[in-house]
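Structural overview
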Amino acid sequence: MNTMLRKSVLGIAGLAFAGGVASGPIAAHAATPTPDMKPVAAVQADKPTVDTAKLIPHGVQGKQSHIQLNDEQVANAKAIIAATKKSGLDERAAVISIATSLQESKLENLGHLGDANDHDSLGLFQQRPSSGWGTPEQITDPTYSTMAFQKGLKQIDGWHDMPLTEAAQTVQVSAYPDAYAQWEQQAADLVAQHWNS
């Protein structure tokens, strides 16, 4: 009987030891971070960031609007950013351009809209061939229309220091001059997201 008791005690001790060995490395492994666990900032460190203070230097004006964008609209925002870089302009010019396009066409490259059209307005910026913006084919090319808009922007003294809606209105001469301001935050977000992509 003494032998049976001894075997039972040793068996229980062995189970406890084996359980400790089995749980020890697992517990230690769980407490040690794995090499592939990286903070988000470290993952994005190789991608230069955009100075958000430059995107909205005056702060947003008034209530902001926001729309969900489809793939085509995002592609048009990226085309505006690429054309801005091609023009040699900075992120602020891209914000003004995208906000203008959001107001004019919701970033859709619009063709002739028939009776719903404002005269002969076309494209991302609703530019008019009859007003000298270019041919219908040119105006519906996102690169051309962006560069045409920005050519007008560059002709405005101090555009960089103006509130967005004032700069956009000076180029566009819209019947709704204050409407551009509502898109500044979404435009800035798009530029921040896609400027370095």
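One can find the structure itself at the top, above this paragraph.
Residues numbered from 1 in each chain as written. Predicted model: local features only at pLDDT ≥ 70, side-chain atom pairs only at ≥ 80, totals over all residues. Heavy atoms only, no water.

**Thoughts on the packing of helix α4 (residues 71-86) against helix α5 (residues 91-105)**
When two helices pack together, their arrangement is captured by the angle between the axes and the distance separating the axes. Convention followed: Axis definition: a line fitted to C-alpha atoms, limited for helices to the stretch in contact. Angles are taken between N-to-C directions and run from 0 to 180 degrees. A run of H or I in DSSP counts as a helix once it spans at least four residues, and a run of E counts as a strand once it spans at least two, with each numbered from the N terminus. By definition, any crossing whose near helix is turned counterclockwise from its far helix by less than a right angle is left-handed, and any crossing with a clockwise turn is right-handed. Note on definitions: a residue-residue contact is assigned when non-hydrogen atoms from the two residues lie within 4.5 Å. Polar here means any residue other than Ala, Val, Leu, Ile, Met, Phe, Trp, Tyr, Cys and Pro, which are nonpolar, and Asp, Glu, Lys and Arg, which are charged; Gly is therefore polar.
Close contact between α4 and α5 brings their axes to 9 Å; oriented N to C, the two are set at 145°. By crossing handedness, the relation of α4 to α5 is classed as right-handed. Contacts between α4 and α5 involve A77, I80, I81 and T84 from the former and A93, A94, S97, I98 and S101 from the latter. Considered class by class, the residues forming the contact of α4 with α5 number 6 nonpolar, 3 polar and no charged.

**Quick look at the pattern of salt bridges**
Put simply, the rule is: Basic side-chain nitrogens of Lys or Arg form a salt bridge, by our definition, when they fall within 4 Å of a carboxyl oxygen of Asp or Glu. Think of it in three bands: with a 1.4 Å probe and only protein chains considered, a residue is buried below 20% of the maximum accessible area for its type, exposed above 50%, and partly exposed in between.
Tallied over the entire structure, the rule returns 1 salt bridge. The partner of R92 in a salt bridge is E184, with the nearest N and O atoms 2.7 Å apart. In this pair, R92 is assigned in helix α5 and E184 in helix α9 (residues 184-194), connecting sequence segments 92 residues apart. Across this residue pair, the class does not change: R92 and E184 are buried.

**Digging into the nonpolar core**
Convention followed: What we call a nonpolar core is a set of buried Ala, Val, Leu, Ile, Met, Phe, Trp, Tyr and Cys residues that are connected through their side-chain atoms within 4.5 Å.
One finds I96, I98, L153 and V191 to be the most contacted residues of the largest nonpolar core, which totals 33 residues. Residue assignment for this core shows that the elements contributing at least two residues are α4, α5, α7 (142-154), α8 (164-172) and α9. Considering each element in turn, this core owes the most residues, 7 residues, to α5. The contact partners of I96, leaving out residues within four places of it in the chain, are F149, L153, W159, L164, A167 and A168.

**Looking at unusual backbone geometry**
In this structure, L107 is a non-glycine residue whose phi angle is positive, near 60°. Relative to the elements of secondary structure, L107 occurs in the loop between α5 and α6 (136-139). The class for L107 is buried, based on a relative accessible area of 0%. The residue Q126 is not glycine, and still its phi comes out positive at about 50°. Along the chain, the position of Q126 falls in the loop between α5 and α6.

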